Amino acid sequence: MRLTGFRVTNFRSVVDSGWITASAVNALIGVNESGKSNLLLPLWKLNPARDGDIQPTSDYPKTQYASIKDDPTSVVFIEAEFLAEKLGAEIAELTGRPVTEMERCRVTRSFSGDYCVSFPDCKVVRTSEPSVLRSTLENARRELDGMAGRRNEVAFKAALLRAIDDAIATLETKDHVTFEAVSEVSDQIINALSTFTDHGGSLRQRYTELIEEVEEIKAGLDSTPPEDVDGVSDLIIRGMPKFVYYSNYGNLDSEIYLPHVVENLGSRKLGSREEARARTLRTLFSFVRLKPEEILELGQEVEMTGKATTDEAEIARVATRKRERTILLHSAGADLTRKFAQWWKQGDYVFDFQADGDHFRIWVSDSRRPAKVELEDRSTGLQWFLCFYLVFLVESEGAHSGAVLLLDEPGLSLHPLAQRDLFKFFEGLSATNQIFYTTHSPFLVDADMLDQVRKVYVAEDGSTKASADLRRGNADPRGAGAAYAIHSALNMSVSESLLLGCLPVIVEGPSDQHYLTAIKLLLISQKRITPRRDIVFPPSHGAANARAISSILAGRDEDVPLVLLDGDAAGRKAARELQNGAYQSSKERVLSTDTYSEIDGSEVEDLFPAAFVANALDRMYRGRTSDFADVLRPGEPIVPQMEAWAKEQGIKLDPGWKVELSKLVKSRSLVAQPDTFDEACLARWEKLFVNLFGN
């Protein structure tokens, strides 16, 4: 099962966080005391890999403490939505429902620890209008009353008409009928005629048809929601990923006294600092593939017996064991050196593990300082990353494989470049684990994936909120605060495009940036393009601004930067102005979406299959009288169609609706099946990017 979103309610400082969508790697940014940890902790306590007990004195909101204590079952603190994935087919088979209704499930947990499972896409019809059943009964009565029947069916007919009259009478007082009520009518008619033998006449045939009609009405009403089917909720709860919360990584000492390690690892009464260090030690010795007891045993000296001469065989045995210990430790050190170098780019470090009697030591060297130095004499950042790396390397491949990792303020002591390496480390881990982390650092925010960032802030009522709108939470959106990390990340992205050899392509707006980044990643994943340098899409925030942005970026190279504009009226006007001005001798560097969408008057949205975008829009605005996908006209620009549909449905589109839609299309496309986009679509995308790299 894969987490797609969650919502925190009534937990510590959080009244209602709102829905927070989940991608592969997710950042929560916020100033100190905004409540970032209070969003990770309840998610952890939904299904913790270990620990994670509900603590009333800490977790209950102080203003509701007494009422929650009296009735903890009634208060839900976490609600999470998952894609059931492989479980969907199994649940569909158990419930007899379509797989499409079972693909998405929702799990809540209350402060009593109880779970509740539901399926948002499953439409359970529990009641119907009495008129449907009444009309069926009245039609049958009218037909039966007009039928003569056989002489031996007179009593049968009278009993049948009485039973129908009684059933109609019971419906007079009902505003609606349920599955149970329809069953009662069916049983009432059948029981009234149970004493009559079947003579096979026309009355009997109409009676049989009536029972079938009533059963058909009953079949349209669901007596049991899918979550109440035996075994379904248990299957979902068992199938949920485990949640692993990390807030403290105990730094290792360079000299470790093994007898103390053995004692601490066996103790259940450690404080938080001691437990964090014990956890790191546990993973360290797991990586070395030797228990502390085994290291001690392999290093035991020859036992002195008091004899004049010691047994030569015993001396040889002890020497062999010590040599074996040395070989195992050197091998583990070489393995750590090799794996660590894949993620830590701040130096070519060499690690060496040594054991001397009851002591275990970690030595570090690098090309600039080849002499071995004990770990505690190296930088705090290196110590932190080594401990962090060991915990993740061991635990994510073992008990926590497939878990959702919740990281509270990782990498605080790291140099900015090391923080960038840490982010790359997260991207590598996301192949097996979804990740949520809190941060203040712009170096842990990917400017190309801002749709994966949520801003955490304190609302006017003093509660913690989270929003995809990264400007929320400030009286003046331009003011300082958590958004400073976003502004800095964007500035770094632009700087890198200027200074580090990236290829900038100016686009009109942030939504274009999301669509084109998604297309780029999809083409790379399918090996349709293998770019030698990265391509970035700085937005000009409107076709009219493209000229100003291009003049800024043109100062870097002799060539003016590429521009990709919409084919609508505003885009065509901006293209003419550019080609008659700064691009007069480089008109081919002004590109139009019309060329690659094969639609006149197109926008970047039209580069994607219209049905895919339509489904995303319907997902944003559920519960309307008609879906946009049902009225879509393929081959025409999609944005005017979406705006017209929204107006017809009474939907007020917010100023940022196109950006939100582009984020949803991007996230859905990056997790879609490989055959979601056909060859014609991929060929158009490939043509666009080949032209971008070739211009």
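For the structure itself, look to the data block above.
Given the structure is predicted, the values throughout are model-derived calculations rather than measurements. (Residues numbered from 1 in each chain as written. Predicted model: local features only at pLDDT ≥ 70, side-chain atom pairs only at ≥ 80, totals over all residues. Heavy atoms only, no water.)

(A) Expanded view of the overall build of the chain. The number of helices and strands found in the chain is 26 helices and 22 strands. Relative to its 695 residues, the chain shows a buried fraction of 48%. Restricting the contact set of the chain to residue pairs at least 6 apart, pairs at least 24 apart contribute 71%. Summed over its atoms, the accessible surface of the chain is roughly 34,100 Å², and 49% of this surface lies on carbon and sulfur atoms. (Helix = DSSP H or I, 4+ residues; strand = E, 2+ residues; numbered from the N terminus. Buried < 20%, exposed > 50% of the residue type's maximum accessible area, 1.4 Å probe, protein only. Contact = heavy atoms within 4.5 Å. Areas by Shrake-Rupley, 256 points an atom, 1.4 Å probe, with all protein chains shown as cover.)

(B) Quick peek at the packing of helix α24 (residues 638–648) against helix α25 (residues 657–670). The N-to-C vectors of α24 and α25 enclose an angle of 115°; their axes lie 13 Å apart at closest approach. By the criterion of interaxial angle, the relationship of α24 to α25 is roughly perpendicular. Handedness of the α24/α25 crossing: right-handed. Each of Val639, Met642 and Glu643 in α24 lies in contact with α25, whose residues at this interface are Trp657, Lys658 and Leu661. Taken together, the residues that form the contact of α24 with α25 break down as four nonpolar, no polar and two charged. (Axes fitted to C-alpha atoms, helices over the stretch in contact; angles between N-to-C directions. Parallel < 35°, antiparallel > 145°, perpendicular 65-115°, else oblique. Left-handed = near helix turned anticlockwise from the far one by under 90°. Nonpolar A, V, L, I, M, F, W, Y, C, P; charged D, E, K, R; others polar.)

(C) Inspection of the sheet that holds strand β17 (residues 453–458) at higher detail. One open sheet holds the six strands; their spatial order is β10-β15-β16-β4-β17-β18, and the pairing between them is mixed. What marks the edges here is a single partner per strand, and that holds for β10 (243–246) and β18 (464–467). Taken over all neighbouring pairs, the strand axes of this sheet differ in orientation by 20° on average, direction set aside. Across the sheet, helix α1 (residues 37–46) touches β4 (25–29), β10, β15 (404–407), β16 (435–439), β17 and β18, and the angle it forms with β10 is around 140°. Against the sheet, helix α16 (residues 416–429) engages β4, β15 and β16, with an angle of about 160° to β16. (Pairing = 2+ DSSP bridges.)

(D) Highlighting the packing of helix α8 (residues 179–192) against helix α9 (residues 202–219). Relative to each other, α8 and α9 sit at 165°, their axes nearing to 9 Å. Of the possible angle classes, the one that applies to α8 and α9 is roughly antiparallel. By crossing handedness, the relation of α8 to α9 is classed as left-handed. Here α8 contributes Phe179, Val182, Ser183, Ser186, Ile189 and Ile190 to the contact with α9, which in turn contributes Tyr207, Leu210, Ile211, Val214, Glu215, Ile217 and Lys218. Partitioning the contact of α8 with α9 into residue classes produces nine nonpolar, two polar and two charged.

(E) Region of the structure containing the environment of arginine 50. Mapped onto the secondary structure, arginine 50 falls in the loop between α1 and α2 (56–59). Note on arginine 50: relative accessible area 33%, which makes it partly exposed. Residues arginine 50 and valine 244 lie 194 residues apart in sequence; the distance between their C-alpha atoms is 7.6 Å. When near neighbours in sequence (up to four residues on either side) are disregarded, arginine 50 contacts Trp44, Glu275, Arg279 and Arg282.

(F) Structural view of the environment of proline 259. Assignment of secondary structure puts proline 259 in helix α11 (residues 258–265). Judged by its relative accessible area of 28%, proline 259 falls in the partly exposed class. Residues proline 259 and glutamate 293, spaced 34 residues apart in sequence, show a C-alpha to C-alpha distance of 8.1 Å. Beyond its immediate stretch of four places on either side in the chain, proline 259 contacts Leu296 and Asp358.

(G) Quick look at the nonpolar core. Ranked by size, the top nonpolar core spans 56 residues in total, and within it Leu284, Phe360 and Phe426 carry the most contacts. At ten residues, helix α15 (residues 380–397) tops the list of elements feeding residues into this core. Here this core spans two domains, since at least three of its residues come from each of domain 1 (1–124 + 224–242 + 399–480) and domain 3 (250–303 + 310–396). One finds Phe6, Val75, Ala84 and Ile91 within the second-largest nonpolar core, a separate group that totals 45 residues. (Core = buried A, V, L, I, M, F, W, Y, C linked by side-chain atoms within 4.5 Å. Domains from an automatic or database assignment.)

(H) Local environment of unusual backbone geometry. Unlike most non-glycine residues, glutamate 85 shows phi in positive territory, near 50°. With respect to the helices and strands, glutamate 85 occurs in the loop between β5 (76–83) and α4 (86–95). Located in the positive-phi region is glutamate 409, a residue other than glycine, with phi close to 55°. Secondary-structure assignment places glutamate 409 in the loop between β15 and α16.

Honestly, it's all geometry; don't read function into it.
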